[in-house]
Amino acid sequence: MCRFKFRVNVLQISVVYGLRQASKTEKNLKFLLQKVLKQSDVGSLGRIVLPKREAETHLPQLESRDGISIAMEDIGTSRVWNMKYRFWPNNKSKMYLLENTGDFVRANGLQEDDFIVIYADIKCGKYLIRGVKVRQNGPKSEGKKPAKKSHRDLSSTAASISSPVAQAVR
DNA sequence: ACAACATGCAGCGGC
DNA sequence: CCGCTGCATGTTGTA
């Protein structure tokens with residue numbers, strides 16, 4: 001039961017944002033996971049490494065390393081990308097990844113240090129993905145969220161939303 | 001010491 | 001020959 005660590009950071013603000021938006025549209029979005037993108041995630045490989053624990057907890061169980069195909073609706077553009085969720089064997093463990101992410105990354109102009117958030121639409125049983133840019137000094141600040149790369153200095157704020165998943169699930 | 005993960009890179013297939 | 005696929009290896013953070 002101690003499997004949940006309180007990995008609190010500012011990026012979770014996006015969860016609240018997502019839920020508000022969900023209320024407005026009467027769609028129920030459940031936060032699944034997020035990933036700060038590395039160079040290898042936004043490069044030409046077109047694949048994004050997903051955090052293991054969150055993936056195993058919130059995404060479908062994978063029977064084989066070939067994984068499954070997942071339709072991901074881009075929250076920003078409403079476009080739907082057909083991605084693949086799979087894993088690789090790695091040491092005695094597994095590495096989880098999302099493939100065919102190249103178009104999504106390019107369409108959103110995502111770069112290193114930007115991040116993605118993945119939600120599940122409870123109502124439709126769909127998956128949704130959102131790319132969030134974190135430009136602090138880009139040519140044009142296109143950041144959708146004012147979230148900056150802070151450390152863990154929002155403990156008090158975070159405390160009030162300490163369990164976004166629990167809130168999302170009700 | 002161990003687990004997660006960012007990236008290197010070999011092998012293979014398409015051009 | 002070049003790019004992609006799939007794993008291996010090095011690095012970094014956690015216990």
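- An unreviewed UniProt entry annotates chain A as B3 domain-containing transcription factor abi3 of Nicotiana attenuata.
- As its UniProt record puts it under Subcellular location (unreviewed entry), chain A is described as follows: "Nucleus".

## Looking at the pattern of salt bridges
Thinking step 1. Throughout the structure, instances matching the rule amount to 6 salt bridges.
Thinking step 2. Among the salt bridges present, the one from glutamate 56 reaches lysine 52, with a minimum N-O distance of 3.9 Å. Taken as a pair, glutamate 56 and lysine 52 lie in helix α3 (residues 52-58) at a separation of 4 residues, close to a single helical turn.
Thinking step 3. With a relative accessible area of 32%, glutamate 56 lands in the partly exposed category.
Thinking step 4. Put simply, glutamate 99 and arginine 86 hold a salt bridge, and the shortest N to O gap is 3.6 Å. Highlighted residues: glutamate 99 in strand β5 (residues 93-99) and arginine 86 in strand β4 (residues 80-90), separated in sequence by 13 residues.
Thinking step 5. A relative accessible area of 15% places glutamate 99 in the buried class.
Thinking step 6. By relative accessible area, which is 16% here, arginine 86 ends up buried.
Thinking step 7. A single salt-bridge network, built from bridges that share partners, covers Asp66, Arg86 and Glu99.

Basis of the calculations
Residues numbered from 1 in each chain as written. Chains lettered and ligands numbered in written order. Predicted model: local features only at pLDDT ≥ 70, side-chain atom pairs only at ≥ 80, totals over all residues. Heavy atoms only, no water. UniProt positions renumbered as here; feature names shortened; annotations may be inferred. Salt bridge = Lys/Arg side-chain N within 4 Å of Asp/Glu carboxyl O. Helix = DSSP H or I, 4+ residues; strand = E, 2+ residues; numbered from the N terminus. Buried < 20%, exposed > 50% of the residue type's maximum accessible area, 1.4 Å probe, protein only.

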